[in-house]
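Chain by chain, the residues run as shown.
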Amino acid sequence: MVVQRLAPFRVPPDHRRVLHDRLECRLPGIVPNSTAVAVRQLLDHTSGVADCTQDPAFDRRRPEWLSGGRYRHYALRDLVDIAHRYPSAFPPGTDWQYSNPDHVLVGMIIEKLTGRSRNEEVTRRIIRPLGLTGTSMPGDSPVVPGPHAHGYDKADTGPADVTLLNPSMVGSSGAGISTTADLTTLLAAPFGGRLLRPAELAAMEQTTTHGDGRSYGLGLQRVDTPAAPSGAHSGGFPGYVTMVVGSAAGRRQYAGSTTIDDTPDPAAAVAAWDEVTTTALCGPQPAAPAPTSAPVPAPAPLPDLARTLW
């Protein structure tokens, strides 16, 4: 069982038009340039809203974070206010950057529209209908129930067990507990028609390619494998990195999680993720041909899905 940033909550059917609204219409004055930010740009991370995780309060190497900071409660507005201390990353719609406050703001919109928290709506609309018995939204609870892998992080004093912490530090950008089995079910559901209407899935799959080659839609990243294009998302939390990838046809899914405090060879780690992911989605791949006098260029690796801000 691992702590994982779940896929973004879909907009309720009776509020589909909210995607095209300006943030100012839904949360007046919430960010300085709210009149220039569309709600859709929060979901595809092109809003330019600064990420609160750059603040020293979230520096996991500091003794203050380990001793008490990791148990602090954060309201959604707290996370947005911390982000306000920093300038926008770029003008809305001109670039891409993953930002936790993007989904925090979406959580605030959900609460305003429904009168219930994002965690309540995820439980009501996703977890229960899909029968995700190993998935929960813990709120402020630092406890991970049942057997689970411990999360370790690299601190100034060495590896530190950071399994216990208050998940409100990421707010509605994640803070879910799930099993890899539940994550594959969750990823297969939209492609299999169990969670989204066709138009909603099409909107989610509508990706734009950004400067780093990443093709990102509404909480779904496109990954090109030898078999076919696939949808993916990675999630990071102190002590954990998780990746879910599934074929667009909904027939094959893969979820993997690791707990690391240091990676001595990042390139080798990425290559290992790529190999496992490709085999899971496409089956065993032919062995590389023996070298010839003219070296054959290696195929381009899959995107580093494990790279996150956490």
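Read on for an overview of the structure.

Thresholds, definitions, all that
Residues numbered from 1 in each chain as written. Predicted model: local features only at pLDDT ≥ 70, side-chain atom pairs only at ≥ 80, totals over all residues. Heavy atoms only, no water. Core = buried A, V, L, I, M, F, W, Y, C linked by side-chain atoms within 4.5 Å. Buried < 20%, exposed > 50% of the residue type's maximum accessible area, 1.4 Å probe, protein only. Helix = DSSP H or I, 4+ residues; strand = E, 2+ residues; numbered from the N terminus. Contact = heavy atoms within 4.5 Å. Arc of directions from axis to C-beta. Pairing = 2+ DSSP bridges. Patch = residues over 30% accessible without salt bridge, like charges linked within 9 Å, V, L, I, M, F, W, Y side chains within 5 Å. Areas by Shrake-Rupley, 256 points an atom, 1.4 Å probe, with all protein chains shown as cover. Salt bridge = Lys/Arg side-chain N within 4 Å of Asp/Glu carboxyl O.

Leu-23, Ile-30 and Leu-105 are the most contacted members of the largest nonpolar core, which totals 54 residues. Only helix H2 (39-43), helix H3 (63-67), helix H4 (76-83), helix H5 (100-114), helix H6 (118-130), helix H7 (180-191) and helix H8 (198-205) provide two or more residues apiece to this core. For this core, the leading source of residues is H5, giving six residues. When sequence neighbours within four positions are dropped, the list of residues in contact with Leu-23 reads Pro-28, Ile-30, Val-31, Ser-34, Val-37, Leu-42, Leu-105 and Ile-109. Counting residues in hydrophobic clusters, the runner-up holds seven residues, among them Val-223, Ala-232, Tyr-254 and Leu-281.

All buried positions along H8 are accounted for by Glu-200, Leu-201, Ala-203 and Met-204. Buried residues of H8, viewed axially, fall in a sector of 160°; they line one side. Turned more than 90 degrees away from the buried face of H8 sit Pro-198 and Ala-199, all of them exposed. The secondary structure elements touched by the buried residues of H8 are H2 and H7.

Of all eight residues making up strand E9 (residues 240-247), eight are buried, and the element is well covered by its neighbours. Burial of E9 is two-sided: the residues Tyr-240, Thr-242, Val-244 and Gly-246 facing one way and the residues Val-241, Met-243, Val-245 and Ser-247 facing the other way are all buried. Where E9 and strand E10 (residues 253-258) come together, six bridges link them in antiparallel fashion. Residue pairing for E10: Val-241 is matched across the bridge by Thr-258.

On to a nonpolar patch on the surface. A cluster of nonpolar residues, Tyr-71, Val-143 and Leu-164, forms a patch on the protein surface that exposes about 270 Å² of accessible area. Tracing the backbone shows Leu-164 in the loop between strand E3 (158-161) and strand E4 (176-178). Residue classification places Leu-164 among the partly exposed positions, given a relative accessible area of 42%.

With that out of the way, let us pick up the pattern of salt bridges. Counted under the stated rule, the structure contains nine salt bridges. Asp-55 is the partner of Arg-85 in a salt bridge, and the nearest nitrogen-oxygen pair spans 3.2 Å. Of this pair, Arg-85 sits in the loop between H4 and H5 while Asp-55 sits in the loop between H2 and H3; the two residues are 30 residues apart in sequence, bridging distant segments of the chain. Look at Asp-55 and you get buried, because its relative accessible area is 7%. Of the charged contacts in the structure, one is a salt bridge between Arg-197 and Glu-200, with a shortest N-O distance of 3.5 Å. Note on Arg-197: relative accessible area 40%, which makes it partly exposed. The buried category is assigned to Glu-200, whose relative accessible area is 13%. Each of the salt bridges in this network shares a partner with another, and the network as a whole consists of Arg-116, Glu-121, Arg-124 and Arg-125.

Below, the discussion takes up the environment of Gly-256. Note on placement: Gly-256 falls in strand E10. Taking relative accessible area as the criterion, Gly-256 reaches 7% and is therefore assigned buried. Gly-256 sits 72 residues away from Thr-184 along the chain, and the two C-alpha atoms are 9.7 Å apart. Discounting residues that sit within four places of it in the chain, Gly-256 has contacts with Val-241, Thr-242, Met-243 and Trp-273.

Here we take up the environment of Gln-285. In this fold, Gln-285 is placed in the segment after helix H9 (266-282). Spatially, the C-alpha atom of Gln-285 lies 8.7 Å from that of Pro-226, the residues being 59 residues apart in sequence. What Gln-285 contacts, discounting residues up to four positions off in sequence, is Pro-226 and Thr-278.

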